[in-house]
Amino acid sequence: MTSVTNPIPPGEPGAGTAIAERPAESPPDTRAWVCLVWDDPVNLMSYVTHVFASYFGYPREKAERLMLQVHHEGRSAVASGTREEMERAVEAMHGFGLWATLERAE
Amino acid sequence: MRAFRRAGGGVLEAEIEEFEVALLTSMAEQLQQLLGGEEEPVDHALDAFGWLAASAARTVELDRSDPLIERLFPPAYLDDPRAAADFRRFTEDDARRARVAQARVVLDDLADTGDGARPLRIRPDRVEAWLKTVNALRLSLSVRLRITDEASLDALEAIGPRDPLAPLVDLYDWLGFVLESLLEALDA
């Protein structure tokens, strides 16, 4: 069995110091998030294309490609950005009756 | 109902039958009721506290046991129930009010036809409310018809004209025609 190296190098501040220096709030999450749209058997393909083009401002070809990806692969990441931006996008997709979720980009 | 066409000023126009006006009106009103209905205007004579109290009293609890509510307000996070609950708390009431207001746009435009005596005319700034509402009505029928996947959809397409569900399936197909026709006229 290989011994595990202690990841904390010696000479780090003690626990009390670390707590005192910890920011009051965790830093803002700057990692990328994605808005996923999921396939459903009800929404019309033309409607889904219209939603992607009109809400995200995508050219028709891109909107259609994303719609087909949803249809054939079951889901598609249709937008990415900060968590707040993707929450707004998901809220808008729900407003159009699309089934959408957000998650961290892989 | 005939297909929509583009009239002047970007208005979408279609002939509509009296019974179709009645049908769409009834469905849009039912949707509003399901979403808590329309509100009385705020009484501006109230002081700040009275206004707050009146607003709080108007908060609508949606019936989460209704699968249509789940369909119209689905979870935003798949693996994080707490984040999904937060999202719901912060967005649901605005989303609910928006849907009620969009149904109002549809109801007013339908009323302007005089029971189908005049063509249905949809101004450009009202098209989105129409698309969202007609789509929501389709979603609502899909829930009642238990359309959950391609197989259940195929099974419904195969039912005979005497099946008790046949009128609902016809209505579902008709709403699909209305929506498709709106989109085609919009892109024309």
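Look up: the structure comes first, before these words.
Since this is a predicted model, take the numbers as computed values, not measurements.

Draft legend 1. Here's a closer look at helix α6 (residues 150-157) of chain B. All names here are of chain B. All of the buried residues in α6 are Ser152, Leu153 and Leu156. The arc that holds every buried residue of α6, seen down its axis, measures 105 degrees, which confines them to one face. Of the surrounding elements, those touching the buried residues of α6 are α7 (166-187).

Draft legend 2. Representation of the side chain of Gln102 of chain B within the structure. Position of Gln102 of chain B relative to the elements: it lies in helix α4 (residues 81-111). When its relative accessible area of 14% is taken as the criterion, Gln102 of chain B is described as buried.

Draft legend 3. Representation of the sheet that holds strand β2 (residues 12-14) of chain B in the model. All names here are of chain B. The sheet built from three strands is open, its strands ordered β1-β2-β3 with antiparallel pairing. Lying at the two open borders of the sheet, with one neighbouring strand each, are β1 (5-6) and β3 (120-122). Two strands pair when backbone bridges link them, and β2 and β3 are joined in this way by three bridges, in the antiparallel orientation. Paired with Ala14 across the bridge in β3 is Leu120.

Draft legend 4. Spotlight on the pattern of salt bridges. Residue and element names in this part refer to chain B. What the rule picks out here adds up to 18 salt bridges over all chains. Two residues, Arg121 and Glu13, come together in a salt bridge whose shortest N-O distance is 2.5 Å. Here Glu13 lies in strand β2 and Arg121 lies in strand β3, a separation of 108 residues in the sequence. For Arg121, a relative accessible area of 42% puts it in the partly exposed group.

Draft legend 5. Highlighting the interface of chain A and chain B. Counting residues at the interface gives 24 residues for chain A, matched by 30 residues for chain B. Carbon and sulfur atoms supply 59% of the area that chain A and chain B bury against each other, a total of about 2,300 Å² over both sides. At the junction of chain A and chain B, the tally comes to two salt bridges. Of the charged contacts in the structure, one is a salt bridge between Asp40 of chain A and Arg71 of chain B, with a shortest N-O distance of 3.6 Å. Applying the counting rule to chain A against chain B returns ten residue pairs in polar contact (both at pLDDT 80 or more). Going through the elements one at a time, β1 (33-38), α2 (45-56), α3 (60-73), α4 (83-95) and β3 (99-104) of chain A are the ones with two or more residues in the side of chain A that touches chain B.

Draft legend 6. Local environment of a negative patch on the surface. All names here are of chain B. A surface patch of like charges, here negative, comprises Asp149, Glu150, Asp154, Glu157, Asp170 and Asp173. For the negative patch, the elements supplying multiple residues, two or more each, are α6 and α7. Take Asp173: it is sitting in helix α7.

Draft legend 7. How the structure looks around the packing of helix α5 (residues 127-144) of chain B against α7 of chain B. All names here are of chain B. At a minimum axis separation of 10 Å, α5 and α7 run at an interaxial angle of 155 degrees. As the angle between them shows, α5 and α7 are arranged roughly antiparallel. Note on packing geometry: the crossing formed by α5 with α7 is left-handed. Between α5 and α7, the contacting residues are Val127, Trp130, Leu131, Val134, Asn135, Leu137, Arg138, Leu141 and Ser142 on the first element and Leu168, Leu171, Tyr172, Leu175, Gly176, Val178, Leu179, Leu182, Leu183 and Leu186 on the second. For the contact of α5 with α7, the class distribution of residues is 15 nonpolar, three polar and one charged.

Draft legend 8. Layout of the nonpolar core. The biggest cluster of nonpolar side chains holds 79 residues, and the ones touching the most others in it are Phe52 and Met93 of chain A together with Phe4 and Trp130 of chain B. For Phe4 of chain B, the contacting residues outside a window of four places in its chain are Leu12, Glu13, Ala14, Leu120, Ile122, Val178, Ser181, Leu182 and Ala185 of chain B.

Draft legend 9. Structural view of the sheet that holds β1 of chain A. Residues and elements named next belong to chain A. One open sheet holds the three strands; their spatial order is β2-β1-β3, and the pairing between them is antiparallel. Both outer strands of the open sheet, β2 (75-81) and β3, are each paired with one neighbouring strand and no more. Strand-to-strand twist of the sheet, defined as the mean angle between neighbouring strand axes without regard to direction, takes the value 30 degrees. Both β1 and β2 contribute to a ladder of six bridges, which runs antiparallel. Note on β2: the bridge partner recorded for Leu36 is Ala77. Together, β1 and β2 form the strand contacts of α3, whose direction differs from that of β2 by roughly 135 degrees.

Basis of the calculations
- Residues numbered from 1 in each chain as written.
- Chains lettered and ligands numbered in written order.
- Predicted model: local features only at pLDDT ≥ 70, side-chain atom pairs only at ≥ 80, totals over all residues.
- Heavy atoms only, no water.
- Buried < 20%, exposed > 50% of the residue type's maximum accessible area, 1.4 Å probe, protein only.
- Helix = DSSP H or I, 4+ residues; strand = E, 2+ residues; numbered from the N terminus.
- Arc of directions from axis to C-beta.
- Contact = heavy atoms within 4.5 Å.
- Pairing = 2+ DSSP bridges.
- Salt bridge = Lys/Arg side-chain N within 4 Å of Asp/Glu carboxyl O.
- Buried area = accessible area lost by both parts, 1.4 Å probe.
- Polar contact = N/O pair within 3.5 Å; in protein donor to acceptor, adjacent residues only side chain to side chain.
- Patch = residues over 30% accessible without salt bridge, like charges linked within 9 Å, V, L, I, M, F, W, Y side chains within 5 Å.
- Areas by Shrake-Rupley, 256 points an atom, 1.4 Å probe, with all protein chains shown as cover.
- Lys, Arg positive; Asp, Glu negative; His and termini not counted.
- Charge placed at Lys NZ, Arg CZ, Asp CG, Glu CD.
- Axes fitted to C-alpha atoms, helices over the stretch in contact; angles between N-to-C directions.
- Parallel < 35°, antiparallel > 145°, perpendicular 65-115°, else oblique.
- Left-handed = near helix turned anticlockwise from the far one by under 90°.
- Nonpolar A, V, L, I, M, F, W, Y, C, P; charged D, E, K, R; others polar.
- Core = buried A, V, L, I, M, F, W, Y, C linked by side-chain atoms within 4.5 Å.

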